[in-house]
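# Commentary on secondary and tertiary structure
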Amino acid sequence: MAADLDVVNLFIIAGGTLAIPILVFVASFLLWPSALIKVYYWYWRRTLGLQVRYADCGGYRFCYAYRGKAGMRPSILMLHGFSAHKDTWLSVVKYLPKHLHILCVDMPGHEGTTRTNTEDYSIQGQVKRIHQFVETVRLNRKPFHVVGTSMGGNVAGVYAACYPAEICSMTLICPDGIRHPCETKFDNHLQDLEHSNYTLNIPLIPTTPEEMEDMFRLCSHVRFKIPQQILQGLVDVRQPHNTFYEEVFMEIVGETSRYALQEHLHLITAPLQVIWGKKDQVVDVSGANVIAEVLPGCRVDLLENCGHSVVMERPCRTAKLILEFIILQQDARGGTKKSS
């Protein structure tokens with residue numbers, strides 16, 4: 001009988017011990033979903049072996065996550081899109097070899113990187129800041145591979161045009177900054193915004209869970225089932241930064257930035273890979289043909305049943321394509337050196 005009571009007590013203690021973290025999780029999910037999202041990213045970075053660091057230069061601070069050390073393969077710098085952050089790339093990094101040297105930086109003003117003024121938020125302004133980051137962390141000791149998606153693709157392309165000696169190869173994923181001949185759903189939203197003198201809500205800056213869900217539908221062809229609490233948490237995380245996002249948005253759709261990539265395409269000399277979702281409703285896939293006409297040697301990979309959020313919708317495929325391209329270019333350079 002005493003033994004039975006000990007067993008019962010053991011189960012009670014064990015159940016109580018397990019109940020505490022379960023209750024904390026449930027409470028966080030229901031009451032503080034934004035905190036749960038931050039913990040989720042922290043855990044995922046830790047699992048993938050990424051470390052967060054800061055780089056200071058003249059009073060300006062960059063926040064970035066990195067993994068690995070510079071080696072035989074070129075280092076990879078990853079630039080996220082509008083209103084996103086360095087953790088955008090976690091799903092892709094998961095499928096890249098752990099020995100590769102990877103840096104995912106928060107773009108100017110985003111997440112942990114210093115916020116200053118609108119001069120830094122134009123495409124040219126962001127290019128200058130990213131170059132400052134590259135020099136601060138001494139990434140340009142040898143040419144590196146740059147990857148950019150959406151706004152980050154616009155920045156990456158202009159960066160390669162302005163600093164050609166620093167780039168050995170590059171990947172642009174659904175890049176903004178191109179005059180694509182076919183209109184998208186987002187183009188129609190943008191026209192409505194312009195006609196209203198930007199008094200309407202910007203689709204990429206949601207303020208409610210419903211608007212957040214609409215943004216996911218716009219950016220992703222794959223339909224993700226996201227609980228209402230998580231949608232609310234995502235809104236809560238972004239809400240304090242919406243004024244900043246509006247400033248950035250006005251800069252990147254402005255006259256000097258909207259087609260910056262296209263205006264710099266002829267200056268790009270590094271081998272170029274373009275990855276695009278065929279169902280992109282934000283930046284039309286016809287932009288890939290525009291790039292290929294100016295740079296006929298570029299490699300174009302179009303993904304079926306995929307929208308604008310390629311990194312989220314096809315992370316494994318994206319990682320595989322990037323790695324294949326980097327290896328192909330490095331082997332080609334090796335062959336050129338041997339033949340010479």
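Summarised in this report is the structure supplied together with it. The structure displayed is predicted, hence computed values, not measured ones.

Thresholds, definitions, all that
- Residues numbered from 1 in each chain as written.
- Predicted model: local features only at pLDDT ≥ 70, side-chain atom pairs only at ≥ 80, totals over all residues.
- Heavy atoms only, no water.
- Core = buried A, V, L, I, M, F, W, Y, C linked by side-chain atoms within 4.5 Å.
- Buried < 20%, exposed > 50% of the residue type's maximum accessible area, 1.4 Å probe, protein only.
- Helix = DSSP H or I, 4+ residues; strand = E, 2+ residues; numbered from the N terminus.
- Contact = heavy atoms within 4.5 Å.
- Phe/Tyr/Trp six-rings, centres within 6.5 Å; stacked < 30°, edge-to-face > 60°.
- Lys NZ or Arg CZ within 6 Å of the ring centre and 35° of its normal.
- Salt bridge = Lys/Arg side-chain N within 4 Å of Asp/Glu carboxyl O.
- Pairing = 2+ DSSP bridges.
- 1 Å grid on protein atoms, 1.4 Å probe; cavity = no way out; pocket = protein on both sides within 12 Å on 5 of 7 lines; lining within 4 Å.
- Points joined across faces, edges and corners; volume = space filled by probe spheres on them.
- Nonpolar A, V, L, I, M, F, W, Y, C, P; charged D, E, K, R; others polar.
- Polar contact = N/O pair within 3.5 Å; in protein donor to acceptor, adjacent residues only side chain to side chain.
- Axes fitted to C-alpha atoms, helices over the stretch in contact; angles between N-to-C directions.
- Arc of directions from axis to C-beta.

### Describing the nonpolar core
Counting 93 residues, the largest nonpolar core has Leu 77, Leu 79, Phe 82, Trp 89, Ile 130, Phe 133 and Met 170 as its most contacted members. When residues in this core are grouped by element, the largest group, 7 residues, is from helix α5 (residues 151-162). Those residues in contact with Leu 77, other than ones at most four positions away along the chain, are Leu 103, Val 105, Ile 130, Phe 133, Val 134, Leu 139, Phe 144, His 145, Val 146 and Val 147.

### Quick look at the packing of aromatic side chains
Summed over the entire model, instances satisfying the criterion amount to 13 aromatic pairs. Judged by centre distance (5.2 Å) and plane angle (65°), the ring pair of Tyr 64 and Phe 133 falls under edge-to-face. A residue pair is termed long-range when its members are at least 10 positions apart, and Tyr 64 in strand β2 (residues 60-67) and Phe 133 in helix α4 (residues 123-136) qualify at 69 residues. Taken together, the ring pairs connect Phe 82, Tyr 121, Phe 186, Phe 244, Tyr 245 and Phe 249 into an aromatic cluster. In this arrangement the basic side chain of Arg 115 is found over the ring face of Phe 244, its NZ or CZ atom lying 4.0 Å from the centre.

### Topic: the pattern of salt bridges
Here the structure, examined in full by the defined rule, presents 10 salt bridges. For Arg 129, the salt bridge is made with Asp 120, and the minimal N-O distance between the two is 3.0 Å. Both residues of the pair, Arg 129 and Asp 120, count as buried. Counted as one network, the salt bridges with shared partners bring together Glu 213, Asp 214 and Arg 217.

### Focus on unusual backbone geometry
Of note in this structure, Ser 150 is not a glycine but carries a positive phi near 55°. Within the secondary structure layout, Ser 150 lies in the loop between β5 (144-149) and α5. At Asn 305, a position not held by glycine, the phi torsion is positive, near 50°. Note that Asn 305 resides in the loop between β8 (299-303) and α12 (310-313). With relative accessibility at 42%, the residue Asn 305 sits in the partly exposed group.

### Remarks on the pairing of strand β1 (residues 51-57)
Taken together, the 7 bridges between β1 and β2 define a ladder with antiparallel strand orientation. The partner of Tyr 54 across the bridge, within β2, is Cys 63. Where β1 folds back on β2, the antiparallel hairpin that results is connected by 2 residues, among which Gly 58 adopts a positive phi of roughly 55°.

### Topic: the side chain of Ser 309
The topology assignment puts Ser 309 in the loop between β8 and α12. Exposure remark for Ser 309: the relative accessible area of 17% places this residue in the buried category. If sequence neighbours within four positions are ignored, Ser 309 has contacts with Cys 219 and Ser 220.

### Some points on the layout of surface pockets
To find leftover empty space, a probe the size of one water molecule is rolled over the atoms. The computed volume of the second largest pocket comes to approximately 250 Å³. In terms of lining residues, the second largest pocket is bounded by 15 residues, among which His 189, Asn 201, Ile 202, Pro 203 and Asp 214 are the most central. Mapped by element, the contributors of at least two residues to the lining of the second largest pocket are α6 (185-195) and α7 (209-219). For the lining of the second largest pocket, the leading source of residues is α7, giving 5 residues. For the lining of the second largest pocket, the residue count by class is 8 nonpolar, 2 polar and 5 charged.

### Quick look at the side chain of His 145
Relative to the assigned elements, His 145 resides in strand β5. According to the relative accessible area criterion, His 145 is buried, its value standing at 0%. Within polar-contact distance, the side chain of His 145 engages the side chain of Ser 169 at 2.6 Å. Within the local environment of His 145, its side chain forms a polar contact with the side chain of Thr 171, the two groups lying 2.9 Å apart. In this view, His 145 contacts Pro 74, Ser 75, Ile 76, Leu 77, Cys 168, Ser 169, Met 170, Thr 171, Ile 322, Phe 325 and Ile 326; residues no more than four positions away in its chain are not counted.

### Overview of the sheet that holds β5
Backbone-to-backbone hydrogen bonds join strands into a sheet, with any given pair of strands oriented parallel or antiparallel. Taken together, 8 strands build an open sheet; the order of strands is β1-β2-β4-β3-β5-β6-β7-β8 and the sheet is mixed. Every other strand in the sheet has two partners, leaving β1 and β8 as the edge strands with one partner each. On average, each strand axis in the sheet is inclined to that of its neighbour by 20°, with strand direction left out of account. Where strand β3 (residues 76-79) meets β5, 4 bridges bridge the pair, whose relative direction is parallel. Of the residues in β5, the one forming a bridge with Leu 79 is Gly 148.

### Thoughts on the pairing of strand β7 (residues 272-277)
Most of β7 sits inside the fold, with 6 of its 6 residues counted as buried. Side chains of β7 alternate between two faces, with Leu 272, Val 274 and Trp 276 and Gln 273, Ile 275 and Gly 277 buried alike. With 4 bridges joining them, strand β6 (residues 167-173) and β7 adopt parallel strand pairing. Bridged to Thr 171 within β7 is Gln 273. In the sheet, β7 pairs with β8 via 5 bridges, with the strands oriented parallel.

### Regarding α6
Taken together, the buried positions of α6 are Phe 186, Asp 187, Leu 190 and Leu 193. Projected onto a plane normal to the axis of α6, the buried residues spread over an arc of 115° and lie on a single side. At the exit of α6 stands Asn 197, carrying a positive phi of roughly 60°.

By themselves, these figures tell us nothing about what the structure is for.
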